[in-house]
Amino acid sequence: MSFTLNDLPLRDDLRGSSPYGAPQLDVPVVLNTNENPHAPSPELAKALADAVSDAALTLNRYPDRDALALRGALADYLGHGVTTDQVWAANGSNEILQQILQAFGGPGRVALGFEPSYSMHPIITRGTNTEWVAVPRGDDFAVDTDAALAAIAEHRPSVVFLTSPNNPTGTALDLDDVRRIAEAAPGVVVVDEAYAEFRREGTPSALTLLEEHPRVIVSRTMSKAFALAGARVGYLAAHPAVVEALQLVRLPYHLSAVTQAVAVTALSHADELLSTVADLRAERDGLVDWLRGEGFSVADSDANFVMFGLFEDRNRVWRALLEQQVLIRETGPDGWLRVTVGTAQETAAFRAALLRATGRR
Ligand SMILES: *Cc1c(COP(=O)(O)O)cnc(C)c1O
């Protein structure tokens, strides 16, 4: 007798939904989840191991529940006058987002976002029994502020998601638009800045809005520019009252002593970890130019990935790349694909594979 998911007392609203699922395939060129392609140096690995070794001597005790040392180091890193009591940290920014929904969403409440955008926003929203409202972006993938204000007036969301630079399009938001949305929104406005460090020169961060807007939350991560996806560390900057709210829903001791030690040590080596960002930005700009030169449509990118198209059958192109050992992501609006910026060699492998996959060479 076969027993399946359908035989379990699963919540009605979860029936028929799918888990987050970027394929994890073992191929030589992995350009599908926007990681930094550069691994920590052996010296940094040694420093991390020493920090873990010290933490190991205290593992009989619960860790610092409030992660004060880590939050202080993150505040220093962010600058903009951000203080420790304005910072909160968790196991990836996904946990940060979940805690935000636990505190400010819930049954009878709405979270609103602008699609195409990060697929975890609706997944986390629904997982916390919150209603998801999607407002479409314009043809240039920007948020249409008038449409945004109209949707906010109609749905009165307790959480608004803005992603800047946006995933999967790479589009950064104008701060004036964020300001207008923050002024109109009745609840919290989460600016997901997972890719902030890859912004092009002159693209501002919403950190500059925190002073005037106590309901704006800027969410960041160490998974992308910081090259620390495996450690699972995300964080936010917001008014201290927001941090107090999240402390009502977080699990006690959610951040292990090992995670805290690794993150604090990584932050003390921030210069080294971020030293590849300038190269990756240059590689990204070169890739955008090259794709356009080959006649592809390409969305402007302030992130470490590029969305390009247009393909009548994008799945065929995705598979043709995979057959050549290059894994990218089949995501975004119909006809588009997304590729993460890798090392120069990885990007070269991608270019060659794409030319063959599309019959250009
Ligand atoms: C990758 C990504 C994150 C990061 O998630 P972590 O849980 O911190 O690894 C958050 N938001 C967006 C838009 C992303 O693309």
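The name given to the chain in an unreviewed UniProt entry is Histidinol-phosphate aminotransferase, with Nocardiopsis kunsanensis as the source organism. Database annotation for the chain, UniProt heading Sequence similarities (unreviewed entry): "Belongs to the class-II pyridoxal-phosphate-dependent aminotransferase family. Histidinol-phosphate aminotransferase subfamily." The chain has a UniProt comment under Subunit (unreviewed entry) that states "Homodimer."

1. Brief notes about the overall build of the chain
Scanning the chain for helices and strands turns up 12 helices and 12 strands. On C-alpha atoms alone, the chain measures out to a radius of gyration of 21 Å, which is about the 21 Å that the 2.2 N^0.38 rule sets for 361 residues. Once the C-alpha set of the chain is aligned to its principal axes, its extents read approximately 60 × 60 × 55 Å. Across the 361 residues in the chain, those meeting the buried criterion constitute 53%. The contacts of the chain with a sequence gap of at least 6 include a subset with a gap of at least 24, amounting to 73%. By element, 50% of the accessible surface of the chain is carried by carbon and sulfur atoms, the whole surface being about 16300 Å². One finds the centroid of the 31 positive side-chain charges in the chain at a distance of 3 Å from the centroid of its 46 negative side-chain charges.

2. A few points about the domain arrangement of the chain
Entries for the chain in the domain assignment read domain 1 (22–41 + 275–357) and domain 2 (55–269). Taking the mean C-alpha position of each, domain 1 and domain 2 sit 26 Å from one another. Residue-level contacts link 23 residues of domain 1 with 22 residues of domain 2. Of the roughly 1800 Å² buried between domain 1 and domain 2 on both sides combined, carbon and sulfur atoms contribute 56%. Looking only at domain 1, the three residues that lose the most surface to domain 2 are Arg281, Asp302 and Phe305, adding up to 33% of its buried area. In this assembly, domain 1 and domain 2 are joined by two salt bridges. Among the ionic pairs, Arg281 bridges to Glu201, the shortest N-O distance being 3.8 Å. The tally of links between domain 1 and domain 2 comes to nine residue pairs in polar contact (both at pLDDT 80 or more). Looking at the side of domain 1 that touches domain 2, the elements that each hand over two or more residues are α10 (277–293) and β10 (305–309). It is α10 that provides the largest number of residues to the side of domain 1 that touches domain 2, a total of five residues. Looking at side-chain class alone, the side of domain 1 that touches domain 2 contains eight nonpolar, eight polar and seven charged residues.

3. Section: the UniProt feature "modified residue: N6-(pyridoxal phosphate)lysine" (unreviewed entry) in the chain
Here, the residues flagged by UniProt with the feature "modified residue: N6-(pyridoxal phosphate)lysine" (unreviewed entry) are Lys224. With respect to the helices and strands, Lys224 occurs in the loop between β7 (216–221) and β8 (234–237). With residues near it in sequence (within four places) discarded, Lys224 still touches Thr33, Asn34, Asn36, Ala194, Tyr195 and Phe198.

4. What about the sheet that holds β10?
Strand order in the open sheet formed by three strands is β9-β10-β12, and the pairing between neighbours is antiparallel. Of all strands in the sheet, those bounded by a partner on one side alone are β9 (297–298) and β12 (337–340). Across two bridges, β9 lies against β10 in antiparallel orientation. Residue pairing across strands places Ser297 opposite Gly309, the latter belonging to β10. Strands in contact with α10 are β9, β10 and β12; relative to β10, the strand with the most contacts, it is inclined by about 10°.

Analysis parameters
Residues numbered from 1 in each chain as written. Predicted model: local features only at pLDDT ≥ 70, side-chain atom pairs only at ≥ 80, totals over all residues. Heavy atoms only, no water. UniProt positions renumbered as here; feature names shortened; annotations may be inferred. Helix = DSSP H or I, 4+ residues; strand = E, 2+ residues; numbered from the N terminus. Rg over C-alpha atoms; globule rule 2.2 N^0.38 Å. Buried < 20%, exposed > 50% of the residue type's maximum accessible area, 1.4 Å probe, protein only. Contact = heavy atoms within 4.5 Å. Areas by Shrake-Rupley, 256 points an atom, 1.4 Å probe, with all protein chains shown as cover. Lys, Arg positive; Asp, Glu negative; His and termini not counted. Charge placed at Lys NZ, Arg CZ, Asp CG, Glu CD. Domains from an automatic or database assignment. Buried area = accessible area lost by both parts, 1.4 Å probe. Salt bridge = Lys/Arg side-chain N within 4 Å of Asp/Glu carboxyl O. Polar contact = N/O pair within 3.5 Å; in protein donor to acceptor, adjacent residues only side chain to side chain. Nonpolar A, V, L, I, M, F, W, Y, C, P; charged D, E, K, R; others polar. Pairing = 2+ DSSP bridges. Axes fitted to C-alpha atoms, helices over the stretch in contact; angles between N-to-C directions.

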